[in-house]
Every structure is written in C-alpha cells, then in structure tokens.
Amino acid sequence: QTSGVVSGNVVDATEKRAMPGAVLRLSDSRYTISDRNGHYEFLNVPAGDYILAVEYIGYETASQPVTTTAGNTVVDFTLKEAPKTIGEVVVMGDMSRSQAKALNTQRTGERITNIISSDQMGRFPDSNIGDALRRVPGVAMQGDQGESRNIVIRGMAPQLNSVTLNGNRVPSAEGDNRNVQMDLFPADMIQTVEVSKTLTADMDADAIGGSVNLVTRSAPVTRRISATLLGGYNPIRSSGTWGGSAVYSDRFFNKKLGVVVNGSYHNKKYGSDNVEAAWAQDKAGDIYMKEMDIRKYDVQRIRRSVGANLDWKINAGNTITFDAMYNWRDDIETRYRVRYKSEPKYDKKTGELTSYKNSVSRQTKSGVGLNGTPGRLERQAVQSYALGGRHLVSPKFDLSWNVNFSRAIEHRPGERYANYEVKKENSAITQDISDPSRPSFSQDWAPLDAFKLKSLSENDNYTREDELAARIDARVPMSIIDGQKGRLRFGLRARLKDKMRDNTFSEYKPLGDFPKLTDTDDTENHGALSIDSKYVPGTFYNQNDLSKLPLSDASKFEGELKPEEYLAANYNANERILAAYLRWDQNLTDKLVATVGLRGEHTHTKYTGNRIIDEDYDNATAESRTGSYMNLLPSVSFKYDVRRNLILRAAFTTALSRPNYYDLVPFTNVVSEENFVSAGNPDLKPTYSYNFDVMGEYYFKTVGIFSVGAFYKSLNNFIYKYSDMSYTADKFAADFPGQTNPVSGDEAWEFVRPMNGRNVAVYGFEVAFQRRLDFLPTQFLRNFGVYVNYTYTDSRAKGIRSADGVERIGLRLPGTAPHMLNTSLSWENERFSARVSLNYSGSYLDEIGADAFQDRYYDRQLFLDANASYRVTKWMRIFAEANNLLNTPLRYYQSGVRDRVMQMEYYKPTFIAGLKFEF
C-alpha cells in the first residue's frame, strides 16, 4: 500500500513561538509528539483521508482534515489560548505560557523528567543555570562564592550526574573530577533545561542520579529581537553589578534558513566573609581546635557568553543544523587570610600534656590580574561546536547524525602568595571554644613586629579537557500489535576524551629588603568581618604591590621550582567510549506504552601520572596504566495514560559512573618527613546502579501539575576516599609490588587512596504541586499561583572501612541531602508579575574521613528570594530582583556535630533591577 509522511510545526498564536510537547493524533489512532522546535512527523502513513488534531495544556484543541499521498504532506498549526472561565477568555501571562510549555514537554516525554523553559527561568531571580536548577524537585546545589555550582540529583553527588548541551556531553573545567560547573551558563542563553531522572537506551549511560540537558535557542517562525539591561547592588562590599544580554533570531530565504545569535555579559563585584576551623582530639580525649582561618575575599566575577544556532531546511524531509556556544567566566579574586595553629606537646616519659606550639600567619593571595586589575585570575571556559542533520530517507526510515567538539579549561596564571608568620610556645592554649559554632583564637600574643616573611610564591595552574564525539541514530516503524504504534530506534556513538593538568609552583626569596607588616605604607588593614565582630583579619601585605613584584628579575628575587607542590597533581588521561543501543517503543494498548532498551558501552582508558618516592622529585618517573571494560545496560519503562491528564509511570533502568579522573591516575607520592603516602588507584571499577522508579502525574487543564513519585537505587562499587592511619611496609609491598619500599620505622604511617565500597542503597520519594489558583472567586485571587515540591532521600552504605580497617556501619552516601523543599507564591496579570521563593536543603554527609570524628558535613541551607516585573509597553518591561534575603551562609561542620563548625562563609543579599525589551 502507498504510504507517506505527515509533518509540520506547532506554534503559539500570541507569541509565534514553537510549542514543544504537543500531542498530535491522526483519526486512525496514530499519534506523535512535537520536538523542542515544535516540529512533528508521522512516518509510514497510508495514503488516504484523515482528521489531524493537536492537544496542548492551556490551549484550545485544534484539528483539520488531511489527505496524505506518497510524498510528505505538510500541516502547520497555530494554537490559541483556551478560555479560563465560561464566557470569559483570560489571556495567559508570560509566567503561565512558560509553565504550559514546560508541563506539556514533561507530560508527553517517555522518561521521568522535569522541564524548565527560558521564560520560566526568567520569572525567578536566577542569573545562571545552577540557581535555576535548585528549584527542580529532587535537585540540590552545592555553592561557590554565593552561586550554585555543582548539581546533586536525588542525593547523588555531582560526579554521579551528567550534563549535556543539546544532547552532547559538556566537559569539566576542574582538574580532579568530572563535575560540570553550572554557574558557567547564563540563564538567558538557554531555551530549555531538561532534567531526566530515568534514562532510555539512546542516552549516555553515565548518569546514575540523572541527566541535565541544556537546550539552546532555536529560530522561531518570525523575527524576534530581545535585549536585557541590568544593574545591581551588593552590600557585602558596597559594590555593584551590571550587564546585559541580547538575542536576534529570524528565518531567511523563504523560511529555509533559521538563524539565532545571542550574547550575554555580567560583571559583578562582591566578596565573602569566611571562617574555617579544623578540630582534633588530644591523648586525653579532649577536643581542641588545631587550626582556624579568618578569610576575607574580594571578588570580581565577569561572565560572558556568545552563541549561534543555524538550521537549514533543505526540504520537508532534510534539515542540517549547526550549534555553537562559548562561555567563559573570569574570577578576579584577592584573599586575605590569617591562620592560627595549635599543636599539643607531651612529655616523652610521662605522656602528659606540657604545652602547645602555636603559630599565626598572615597571607595575601593575589596575582597578575586581568587588564591591569590586580588579583588572582581564574578563568573557566567551556566551548562547544556541533554539526548535525536529520533526514527522512523514506516514509519508513528516519536518520539523524551529529558530530561535536567541546573543550573546557581552567587557567590560573600568575597566582601569588605572600605569607608572614610568627611562632610561639605557650603553656596554655590560646583559644576560646566555649561556643564551637563561633570559635576564636586570642590575638594579643602575636604583635605585628614579630611577623617575618616566611614564603613568597607564584603558581600557574592549567587544566584542559577535550571531547570529540559522533553519533548516528535511526528510527523505523515496527509494531507487533495491529493498530498500535511501534518504533524501533538504534544507533552508534563514539566519545574520545583527552584531559590533562599541568601545574607549576615556584618560591622566591627577596635579595634585598622586603616590607614588614608594620610598614603601613605597604599594608592593608581590615576591620571585623560581617560574621562577628571578634573575627578581625587585620593587616596584610598590600595586594597591589604583590601583583606588581618583578619576580622574574634575578637581581631582585631568587626563584626555585617546588615540584613537591605540583608534580604529583599533574597527569594526562585518555578515554575512548564506544556505544551501541537498541530501543523499542511499543503501544500495548491505546493507553499503555512500553519502552524496552539495551545499551552497550565499551570504555578504554590510558592514564599517566608521576611516581615520587621519598620526595626525590628529580628522579620522579612517569607511570602509565591502561584498562578497558564493557558494560551492558538494560532498561524497561511503562507509561499509562489513565485518562487524558492522569499519567502513571514505572521504570527499571541501569546506569554507571566512571571514577573521577584524578582517582584513576597511577601516581604515588611518599613524604617520609610526614610519614605520609598518597596514591591514585587505576584499578578502580566504575560504579554500576540498578534503578527503580514510579511516578504519578495529574495535569490540570488550566496549566498545573500534582505529582507523587518514589525511587530506589542500588549502587555497586561506589567510590570513597580510604585513609589508613597504621600503614606498614608489608602493606606497601602488597599494594605496590616491585616498587622501592620507603615505609619504615616504628611510627605509624598514613595512607590515602580512593577505593571501591561494596554497595549503597539510595531511596526516597518526591511530591510536587504547581498551579495558578484560577478556581478562586475573584479575579484578584485567581491571579495567584503556587509552586511547591518536596523530596526525601535516604541511603545506607556498605563496605567503607575506617582508618583502623574496621567496616563502618550506618553511613549514608556522601552528598545525599535528606530533605529538599522548594516553594513560591506568585501573582500575575497581563502586565504585572511578582514572586516570592523559598528554597531549603537539609544537612548531609559531604566527605568521609578517616573515622567518624573526621567526617565532614554540608550544613542545611534556606534561601529566600523575591522578584517582580511590570510590562510598561508591549515591548518593554521593568524588573527587580533580590537574592539571598536571609544571608544564608555556605557552612560545613565536623563529626556530625552541627555546632563544630568547619567553615562558614557569608555573602549578604544582592539586588538587581533592569529593563527587558522584546520585539
């Protein structure tokens, strides 16, 4: 029988924008879903007459007759907003339209997902993707300098999740791990964020917690120009923020060529106030503070982004696309740090405590800066370029392909430290720990004239990760049930990854006089931190002078490389990942869909590190290790439409997580003076997980959702950092056969190395509710909207050994936040919108120490944000935003005792106002 293809686009009648997630149905029970560009396709449609209908939450259902032929029949739809009350049409505001797009995409997807559209992000005061993600159910974020950086999904630490850009992996700019820095991506450069909590076989498998896909903007059906100008105030340093963004998109050559170009720039001057402490126990079991820092940071953060997206519609069945994005963030930072140390001394005969050896140091961190601005420059950048195509080879065969190159770097050139120190032995410890949440050291025993220059150094740190990837995907109709839709997808994927870290570190000695801290012409004085008046950084070497020192002038400074500071950290890594998959989607009934898949991934690795014995850096040897392994990853999921707006989902999936890069490096570093050995572990196995998920979703007709879900994950061979405090020569010989054995003597050595644990179970549930309250009696009340979600997560880990080799019982998986809550109350009409948002995450184990006393915990956080906007004209809106109104700190504590602070860093609120234009 002659068959053809029915295809087209679905757009919004008001804004003329693409509508992803629309459900299109032919009268013979066939259906399909529009993609992120609003495009849809029906394959293998027998020639004949049909009625084609399209459904979308919040919009009127539309339909039209279609006569198909052997070719490609093009049918486009323009949808109008649905009436909200009988006899009255209430036009949706921007907030409701953005929610409609997100919810329709989520409702029609095959996986358990959460979707955030660009308009939805714009309704929250979020400047980067990381801040937007922390409002998603089951997602928590780890911060850096007051912004959300690393993503935690359903309790899974950042390295257990993946991040993609238009489906292509984003490399990591950090040297140790695979984490993708979410604060690199401005929110106004992304069209949609898709958080997939279950995987299908056509997705990369290394996403145990979930996968975040950042979708860039695509060309609309008509020309669009938008721009944003903003300015702000940051009270922490009484400084400002300014910036803007612009987007231009259009279609040319009879709508065949779509072009989107955009750019973004943000310049923020602020800082942070920080106190850090480390705790220990003396021989009598008494707890004392062995180290404490008072730190003052001055930061200028400049975030830039440029991007372009092109699509060439050769004809109705063939499209070529090109996507490019370049994001880079410069942090120009100056840090002033005063550090107090206290070490107990014991009588060798009696073992009694006799005194404490105390020291205090004052260190300035600065650098050569950027364009004449002194300070330590840290540049992180991610760039990605992708060429792809989609081709309708025949009515029964759809083919797509993509080739992508991406690179991430982190570069800290000319980072300089000037450190002054004084030591003194006291008969009594000079610290106040009566309130361990606010500990302090006495300062009166360390006058400025007692400080001597201890070290002057400069380092250059560089990390780069490249990934070249290619994939080809095919789709053909295949159904084993008459009258029901079935699709078979299959494809191949290759990922070639190269990563390196190349750090250097040099110390310098002045050949002449060098300023003293008492010379007020060359120092900076700092008053009390905003945390507490008792934390006074004091006087430091001037950061401007430090940045200008002519360290390369041999007549003024004598320089020496210090390989002990960097050689063990340097490495090269190569990974080759080849994958193939089969995925079959089959409608078992009109309401029940099954998706069955099998993915195979073969990984080949080659890692090269440095083996250093007894601090003999001149004779350090490069050591390489290769390895390979194969993983088979089956999956099956079901989606049941109980009725149009009530959906039940269930899934069994498998996933993996490869070890962090540095964990696999075959390095060995032996420091005999400290009886310390650290090493990588190239024999680490990837973590493999079995995942079970169920979810129920009810979608309100007037744009909203209520959902309830539960999940269980079983992780085998999870990775943790093992510390052995009683390391012996016999153990070294067993761990490193054939290597020179430096471990000797009667004193115990410490050995640190990443290891595989046995198993960890992670389980929990999530509840979400989102709706505009348009059922209330008055128009004013109907303009209110509620957004709330809560996630509970727990875990139990097995196979973690303490420093004495005994297995620890009852530990949670690091990174598992037990409680996550998001809520907001909004009000919106056609011109004005406002929202107050609350975000909470509970405290959790962040890093496992040598024993329970050394464990580090990430403290609970509660953020309150507010924003409002007013549409002055059809094309101009004014807006105002306020973030972190509660001055919530980044806080860690030790031993599971919340008052035993390890770090507390405060940022104060930030305020922004500006104009948005859209034509």
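Not measured: the values here are computed from a predicted model.

We now examine the overall build of the protein chain. The number of helices and strands found in the protein chain is 7 helices and 51 strands. Compactness check: the protein chain gives a C-alpha radius of gyration of 30 Å against a globular reference of 29 Å for 919 residues, within 12% of the reference. In terms of principal-axis extent, the alpha carbons of the protein chain reach across some 100 × 65 × 50 Å. For the protein chain, the residues scored as buried account for 59% of the 919 residues in total. Put simply, of all contacts in the protein chain between residues at least 6 apart along the chain, 71% involve residues at least 24 apart. In the form shown here, the protein chain has an accessible surface area of approximately 36,200 Å², with 53% of it arising from carbon and sulfur atoms. Side chains of the protein chain give 115 positive and 113 negative charges; the mean places of these two sets differ by 7 Å.

Two elements, strand 16 (residues 224–234) and strand 51 (residues 910–918), share 8 bridges in a ladder whose sense is antiparallel. Within the sheet, the bridge partner assigned to L229 lies in strand 51 and is L915. Sheet analysis places strand 48 (residues 876–883) next to strand 51, joined by 8 bridges and oriented antiparallel. Counted as the bridge partner of A880 is A913 from strand 51.

Another point: the nonpolar core. Side chains of a nonpolar character, in soluble globular proteins, are inclined to be buried together. Of all hydrophobic cores here, the largest spans 33 residues; its most connected members are M292, L456 and L549. Listing elements by their share of this core, those giving two or more residues are strand 18 (257–281), strand 19 (287–315), strand 20 (318–346), strand 23 (397–426), strand 29 (538–541) and strand 50 (901–906). Excluding residues that lie within four positions of it along the chain, M292 makes contacts with V275, E276, A277, V338, R339, Y340, P439, S440 and F441. By size, the runner-up hydrophobic cluster in this structure holds 26 residues, among which are M141, A173, V193 and V195.

Turning our attention to the sheet that holds strand 6 (residues 62–68). Strands in a sheet are paired, the pairing made by backbone hydrogen bonds, and the direction either parallel or antiparallel. Spatially, 4 strands are ordered 3-2-5-6 in an open sheet, and the strand pairing comes out antiparallel. The open sheet has two edge strands with one neighbour each: strand 3 (31–33) and strand 6. The sheet shows a mean angle of 25° between the axes of neighbouring strands, direction not considered. Where strand 2 (residues 23–26) lies against strand 3, 3 bridges are found, and the strand directions are antiparallel. Counted as the bridge partner of R25 is Y31 from strand 3.

This part takes up the sheet that holds strand 12 (residues 162–165). Spatially, 9-14-15-12-13 is the arrangement adopted by the 5 strands of the open sheet, whose pairing is mixed. Looking at the sheet topology across the chains shown, the edges are occupied by strand 9 (113–117) and strand 13 (168–169). Inspection of the sheet shows strand 14 (residues 190–196) paired to strand 15 (residues 211–216) by 6 bridges, in the antiparallel sense. Directly across from S196, in strand 15, lies its bridge partner S211.

Next up on the list: the pairing of strand 44 (residues 832–841). Side chains S833, R835, S837, N839 and S841 of strand 44 all project onto a buried face; the interleaved residues F832, A834, V836, L838 and Y840 project onto a face where none is buried. The sheet contact formed by strand 43 (residues 819–828) and strand 44 spans 9 bridges and is antiparallel. Bridging across to strand 44, S824 finds its partner in S837. Of the strand pairs in this sheet, strand 44 and strand 47 (residues 861–871) are connected by 10 bridges, and their pairing is antiparallel. Pairing of Y840 across the sheet is with L862, part of strand 47.

Turning next to the pattern of salt bridges. Inspection of every chain in the model, using the stated rule, returns 79 salt bridges. The partner of R149 in a salt bridge is D144, and the shortest N-O contact between them spans 3.4 Å. For D293, the salt bridge identified is with R295, shortest N-O distance 2.8 Å. D293 sits in the buried class, given a relative accessible area of 3%.

The next point concerns a negative patch on the surface. A grouping of D614, D616, D618, E673 and E674 is seen on the molecular surface, where their side chains present a negatively charged patch. Here D614 shows up in the loop between strand 32 (592–612) and strand 33 (621–643). A relative accessible area of 43% means that D614 is categorised as partly exposed.

For the structure on display, the rule yields 30 aromatic pairs. Residues F253 and W312 carry aromatic rings whose centres are separated by 6.4 Å and whose planes lie at 65° to one another, so their mutual orientation is edge-to-face. With F253 in the loop between strand 17 (239–252) and strand 18 and W312 in strand 19, this residue pair connects regions lying 59 residues apart in the sequence. Taking relative accessible area as the criterion, F253 reaches 59% and is therefore assigned exposed. Plain terms: the ring middles of Y727 and F751 are 4.2 Å apart, the flat faces sit at 10° to each other, and that makes the pair stacked. Pair noted here: Y727 is in strand 39 (residues 719–727) and F751 is in strand 40 (residues 749–756), with a separation of 24 residues, a long-range link. Comparing Y727 with F751, the two get one shared label, buried. These aromatic residues form a ring-pair network of at least three members: Y727, F732, F736 and F751. When the ring centre of F540 is taken as origin, the NZ or CZ atom of R362, which lies over that ring, is 5.6 Å away.

So, on to the environment of A834. Structurally, the position occupied by A834 is in strand 44. Distance from A834 to F557, taken between C-alpha atoms, is 59 Å for residues 277 residues apart in sequence. When residues no more than four places from it in sequence are discounted, the contact partners of A834 are L825, S826, W827, N867 and A868.

This part covers the environment of Q484. With respect to the helices, strands and loops of the structure, Q484 is situated in the loop between strand 26 (452–477) and strand 27 (486–510). With relative accessibility at 18%, the residue Q484 sits in the buried group. Considered as a pair, Q484 and R30 are 454 residues apart in the sequence and their alpha carbons are 7.4 Å apart. For Q484, the residues in contact, after removing those within four places along its chain, are S479, Q586, N587, L588, T589 and D590.

Moving on, we get to unusual backbone geometry. Not every positive phi belongs to a glycine, and Q145 is a case in point at roughly 50°. If you trace the backbone, Q145 turns up in the loop between strand 10 (139–144) and strand 11 (147–153). Positive phi values are uncommon outside glycine, yet S895 reaches one of about 70°. Mapped onto the elements, S895 comes out in the loop between strand 49 (890–894) and strand 50.

The next point concerns the side chain of T364. Structurally, the position occupied by T364 is in strand 21 (residues 353–367). Taking relative accessible area as the criterion, T364 reaches 0% and is therefore assigned buried. The contact partners of T364, leaving out residues within four places of it in the chain, are R335, Y336, R416, Y417, A418, F540, Y541, Q543 and L546.

Let us look at the environment of A219. Note that A219 resides in the loop between strand 15 and strand 16. With sequence-adjacent residues up to four places away left out, A219 is seen in contact with D250, R251, G258, V259, V260 and D311.

A separate point is the confidence of the model for the protein chain. Looking at the protein chain, pLDDT values average 89 and 96% of them are 70 or higher. Looking over the protein chain, one finds the lowest element-wise mean pLDDT in helix 2 (residues 118–122), namely 60, and the highest in strand 31 (residues 571–587), namely 97. Scored below 50 in pLDDT, residues 85–90 shows 7 contacts in the model against residues more than four places distant or in partner chains.

Rules and cut-offs
Residues numbered from 1 in each chain as written. Predicted model: local features only at pLDDT ≥ 70, side-chain atom pairs only at ≥ 80, totals over all residues. Heavy atoms only, no water. Helix = DSSP H or I, 4+ residues; strand = E, 2+ residues; numbered from the N terminus. Rg over C-alpha atoms; globule rule 2.2 N^0.38 Å. Buried < 20%, exposed > 50% of the residue type's maximum accessible area, 1.4 Å probe, protein only. Contact = heavy atoms within 4.5 Å. Areas by Shrake-Rupley, 256 points an atom, 1.4 Å probe, with all protein chains shown as cover. Lys, Arg positive; Asp, Glu negative; His and termini not counted. Charge placed at Lys NZ, Arg CZ, Asp CG, Glu CD. Pairing = 2+ DSSP bridges. Core = buried A, V, L, I, M, F, W, Y, C linked by side-chain atoms within 4.5 Å. Axes fitted to C-alpha atoms, helices over the stretch in contact; angles between N-to-C directions. Salt bridge = Lys/Arg side-chain N within 4 Å of Asp/Glu carboxyl O. Patch = residues over 30% accessible without salt bridge, like charges linked within 9 Å, V, L, I, M, F, W, Y side chains within 5 Å. Phe/Tyr/Trp six-rings, centres within 6.5 Å; stacked < 30°, edge-to-face > 60°. Lys NZ or Arg CZ within 6 Å of the ring centre and 35° of its normal. pLDDT = per-residue confidence, 0-100.

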